[in-house]
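Here are the chains, one letter per residue:
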Amino acid sequence: MTDGVDITADAAGPPPGGYAAARTRLLRQETPSGPGRRAALARLTDDWLAALFTASAADAVTRNGTPADPPPGEPRAPRPAPRRGAALVAVGGYGRGELSPRSDLDLLLLHDETADPKAVAALADGIWYPVWDLGLALDHSVRTTAQARTTAREDLKVQLGLLDARHIAGDPSLTTALRTAVLADWRNQAPKRLPELRALGDERTRRHGELQFLLEPDLKEAHGGLRDLTALRAVAASWLADAPREGLAEARTRLLDTRDTLHLATGRATDRLALQEQDQVAADLGLADADALLRRVYEAARTVAYADEVTWREVGRVLRARSARGGLRGLLTGGRPGRGRTPGVSGDTAERTPLAEGVVEQDGEAVLARAARPQQDPVLPLRAAAAAAQAGLPLSPHAVRRLATAARPLPVPWPAEAREQFVTLLGAGPPVVGVWEALEAEGLITRLLPDWERVRCRPQRNAVHRWTVDRHCVETAVRAGALSRRVGRPDLLLVAALLHDIGKGWPGDHSTTGEVIARDVAARIGFGPADTRTVAALVRHHLLLVETATRRDLDDPATVQKVADAVGSPETLGLLHALTEADALATGPAAWSAWRASLVTDLVRRVAAVLAGEPPRHPDDSGPSTGTEPGQRRLAAQALSTGGPVLSLSPGTPEGAPVGGEPEPVGVELHIAVPERAGLLPAAAGVLALHRLAVRSADLRLLEPAAGRAGEEEEADGPVLLLSWRVAAEYGSLPDAARLRADLLRALDGSLDIAARLAEREAAYPRRHGVRPPPPRVTVAPAASRHATVLEVRAQDAPGLLHRIGRALEEAGVRLRSAHISTLGANAVDAFYLTGSDGAPLPGGRAAEVARAVQSALG
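Residues numbered from 1 in each chain as written. Predicted model: local features only at pLDDT ≥ 70, side-chain atom pairs only at ≥ 80, totals over all residues. Heavy atoms only, no water.

*Asks:* Tell me about the overall build of the protein chain, and please be specific about residues and values.
*Replies:* Summing up its helical and strand segments, the protein chain has 32 helices and 15 strands in all. Per-residue burial over the protein chain gives 54% buried out of 859 residues. Sequence separation of at least 24 residues holds for 72% of the intrachain contacts in the protein chain that already meet a minimum separation of 6. Surface summary for the protein chain: the accessible area is close to 37200 Å², and the carbon and sulfur share equals 51%. (Helix = DSSP H or I, 4+ residues; strand = E, 2+ residues; numbered from the N terminus. Buried < 20%, exposed > 50% of the residue type's maximum accessible area, 1.4 Å probe, protein only. Contact = heavy atoms within 4.5 Å. Areas by Shrake-Rupley, 256 points an atom, 1.4 Å probe, with all protein chains shown as cover.)

*Asks:* Please provide a residue-by-residue account of the pairing of strand E1 (residues 86-90), values included.
*Replies:* Within E1, five of the five residues are buried, leaving the element largely enclosed by the surrounding structure. Taking every second residue as pointing to the same face, both faces of E1 are buried, with Ala86, Leu88 and Ala90 on one and Ala87 and Val89 on the other. Relative to strand E2 (residues 105-111), E1 runs antiparallel, the two sharing five bridges. Residue alanine 87 lies in a different strand from E2, and its bridge partner there is leucine 110. (Pairing = 2+ DSSP bridges.)

*Asks:* Outline the sheet that holds strand E7 (residues 365-368), supporting the account with residue identities and numerical values.
*Replies:* Across the sheet, which stays open at both edges, the three strands sit in the order E5-E6-E7 with antiparallel pairing between neighbours. Edge positions in the open sheet fall to strand E5 (353-356) and E7, since each of these has one partner strand only. Within this sheet the neighbouring strands show an average axis-to-axis angle of 45 degrees, counted without direction. The sheet contact formed by E5 and strand E6 (residues 359-362) spans three bridges and is antiparallel. Paired with alanine 356 across the bridge in E6 is valine 359. Along the sheet, helix H13 (residues 380-390) makes contact with E5, E6 and E7, crossing E6 at roughly 40 degrees. (Axes fitted to C-alpha atoms, helices over the stretch in contact; angles between N-to-C directions.)

*Asks:* Outline the confidence of the model for the protein chain, listing residues and values.
*Replies:* Across the protein chain, the average pLDDT comes to 85, with 85% of residues at 70 or higher. Across the protein chain, element-level confidence peaks in helix H19 (residues 490-499) with a mean pLDDT of 98 and bottoms out in helix H12 (residues 329-332) with 46. Confidence drops under a pLDDT of 50 for residues 327-348, and excluding neighbours within four residues, the segment shows 36 contacts in the predicted structure. (pLDDT = per-residue confidence, 0-100.)

*Asks:* Mind laying out the packing of helix H22 (residues 544-551) against helix H25 (residues 594-611), listing which residues take part and the relevant values?
*Replies:* At a minimum axis distance of 9 Å, the contact between H22 and H25 shows a crossing angle of 100 degrees. As judged from the angle between their axes, H22 and H25 are roughly perpendicular. Residues Leu545, Val546, Thr548, Ala549 and Thr550 of H22 form the contact with H25, whose participating residues are Trp595, Arg596, Leu599, Val600, Leu603 and Val604. The class makeup of the residues in the contact of H22 with H25 is eight nonpolar, two polar and one charged. (Parallel < 35°, antiparallel > 145°, perpendicular 65-115°, else oblique. Nonpolar A, V, L, I, M, F, W, Y, C, P; charged D, E, K, R; others polar.)

*Asks:* Help me get a handle on helix H4 (residues 117-133), residues and values and all.
*Replies:* A rise of 1.5 Å per residue sets the reference length of H4, with its 17 residues, at 24 Å; its end C-alpha atoms lie 24 Å apart and thus fit the reference within 8%. Listed in full, the buried residues belonging to H4 are Ala119, Val120, Ala122, Leu123, Ala124, Ile127, Trp128 and Val131. Glycine 135 lies just past H4 and shows a positive phi near 80 degrees. (Expected span 1.5 Å × (residues − 1).)

*Asks:* Got a sec to walk through the sheet that holds E1? Specific residues and values, please.
*Replies:* The strand order across the open sheet built from four strands is E3-E2-E1-E4, with neighbouring strands paired in mixed fashion. The sheet is open, and its two borders are formed by strand E3 (138-143) and strand E4 (166-170), each paired with just one other strand. Strand-to-strand twist across the sheet, computed as the mean angle between neighbouring axes with direction ignored, equals 25 degrees. Contacting E2 and E3, helix H5 (residues 145-154) runs over the sheet at an angle of about 120 degrees to E3. On top of the sheet, helix H7 (residues 172-208) reaches E1, E2 and E4; it is set at about 105 degrees to E2, its chief contact.

*Asks:* Tell me about helix H26 (residues 630-642), residues and numbers included.
*Replies:* An ideal rise of 1.5 Å per residue puts 18 Å on 13 residues; H26 measures up with 18 Å between its terminal C-alpha atoms. Turning to H26, its buried residues are Gln632, Leu635, Ala636, Ala637, Ala639 and Leu640. Positive backbone phi, approximately 80 degrees, marks glycine 643, located one or two places after H26.

*Asks:* So what's going on with the packing of aromatic side chains? Which residues, and what values?
*Replies:* Any two aromatic rings considered together are summarised by their centre-to-centre distance and by the angle between their planes. Inspection of the entire model under this criterion finds five aromatic pairs. A centroid spacing of 4.9 Å and a plane angle of 85 degrees characterise the contact between phenylalanine 213 and tryptophan 467, whose relative ring orientation is edge-to-face. One end of the pair, phenylalanine 213, is in the loop between H7 and helix H8 (226-238); the other, tryptophan 467, is in the loop between helix H17 (444-448) and helix H18 (469-482), with 254 residues separating them in the sequence. Of the two residues, phenylalanine 213 and tryptophan 467, both sit in the buried class. Here the aromatic rings of tryptophan 414 and phenylalanine 422 are separated by 5.4 Å at their centres, their planes lie at 90 degrees, and the arrangement is edge-to-face. When its relative accessible area of 1% is taken as the criterion, tryptophan 414 is described as buried. The buried category is assigned to phenylalanine 422, whose relative accessible area is 3%. (Phe/Tyr/Trp six-rings, centres within 6.5 Å; stacked < 30°, edge-to-face > 60°.)

*Asks:* Go over the packing of helix H27 (residues 680-690) against helix H30 (residues 754-764), please, and point to the residues and values.
*Replies:* Here H27 crosses H30 at 30 degrees, and the two axes come no closer than 10 Å. When the axis of H27 is compared with that of H30, the two are roughly parallel. Crossing of H27 against H30: the hand is left-handed. Judged by residue contacts, Gly686, Val687, Ala689 and Leu690 of H27 engage Ile754, Arg757, Leu758 and Arg761 from H30. Tallied by class, residues from the contact of H27 with H30 come to five nonpolar, one polar and two charged. (Left-handed = near helix turned anticlockwise from the far one by under 90°.)

This is the structure we're talking about:
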């Protein structure tokens, strides 16, 4: 003991046989990779360094002696460092106890201002040289507390290392004072330093990529790696935000275990998991093969990356709030931010904007409304996910956690609303990726789709592929959403895109295996038998077009006939063409080119010509008045009798009978019968939009007077328009029929300006920065009907969309024989049968003019 400080208290003495021998035994023989061995290696190294510190301190005392007290009035000479005010401190990874076999020893020799520089230098030499003599990598520095704080302010990496400072030997009060000062500095400087830390992370991601998708990842520097874990610890130490902790400790352990094993397998201090090392590392970790190793690493990286995203989003929100308050006072009052607020549920003071039933926007996130009851609403997880993705908002992690713990499982098959919300989520464009990852982080995806577990985080050892299997499937759905205007059933396209590689989680040809799984999944989520067969066929043949186009002679009739036989119908061919392109675009730049696209398009053209030998099916080709039910005829008769609109609201009928039972209808059925008059379609559609009724499907038929009277003698001047709607409230309850009828009368007589009211409502809501959907597409279907010109409209569903289409058709001066409206997820797929005033189909030029007018109206 010297001057009241026992510098030998931390020293356990050198290990038997020496540190080098003990280290070798520990790494090679005693324990496998894991937290226990890292802790043991850290303790062993601590004891050795403490002994070096003690020996070097004693030697310094011997050489320098103890100065006598000076005569009265004279200044005291500097005391040697070993006698008082010196400490050996572990920082960085060593400070955290994360000592891998080839890790650097990050050491700081800390001393006070009264220490003799020569004694400090001698003490440092007595520690550094033995470390170097053993060939260990050393990152070292010698500083006072003031110097360490100054360097930390100038160098963010130094400051991060000091946040993990841990005492090894010497004067513990110095280490304690340093830790206290560094933490205080960090918290005071956090508003400035955290954006700098985020920028460093972004730069690492640009240089090293995302760990969870790399075939040769850098376990430390890539996004989702060990550097990000260190950054998350630093954010937590700032008290501004904290990372989601679920699974984070296990992810850290997996990454460190992999790095430890990599160090031993290579004998080098490397963090890059090269292809040639993966089999050995997998075997040393007791894993089946290199794919199992990569999947294990990817799962850990995905957990870290998601926590990183959530944490930095929270940091941004807190810093913006602090900036708006103009000071620190609001943050410091009451301790950590967010105290007293229920996570995942909208607060009392923050502005809330409804997104869907039970879902609101708050602070830039989609959260659950206060009235939401997940335990009573099994569709809520999908509704919340779809609403968030459609609005281009992240889904609150607290909300996802609550949904994962409280929501009831969906029945099998899913109800129709769940299927609609699922398709809406898939068609939301790039935001679906972040929302999907949030659901996966809490296990909701595999709960909804158990077969997803087999492809989750599964690597693809193909240089063409840039994603894991699961992420590739999600990216394919994103690409398919951009192509949805090209097909008549975008819902089937989106689901097939998500499932097209689902068979890669099983042995054998993934297309064949995937067909079976896709059929089961499609039935599970509530598609009817015909749609289920289509989805399964798309998965089975998702490589057919590109492989045939690039590997076979397209001039050989047998080649085209084989594809036509496999596809079976023009509708399936169109879906398969879009899926082929989406799959290739989601694979990577090398998978799609203008040359490949031209070959596939040529093949599709040839197959379509073969399939055209059979007459294409199209609704309503047999005439305008077929399929009218007795109840609808009675409504038409009442309309003829009263001369005004007649409305009827009733529970919706099932949409079809999928395997396992009948689905639950989406919304209710609304029937409107009105004597034919101009402006009916836009007026009725506008009234529904004003009452916040989402149109799931609709059918308009023109009934001649004889069909409308249903056997009764009625006075009538003309035919009746019968509109049958399936509608659902966007949120809240449905209006009654009387209110709808009153507003429809006002719209028809001109006293209710629908367009102005819709514009006012749109202006009242803040514009969301969601992803721009693909532009609408308006086309004339060639030879689709003998009785009318068929105009096809495919667009992003939105309030008032059908109102705008109806106005454009009215202004074009055409007569509407019938209309068939479908909302598939977020996509509107509509067909309008038009004639001129003479009742004949429109001439080609006139039809094109009408199509352009509708396209212009939709912007």
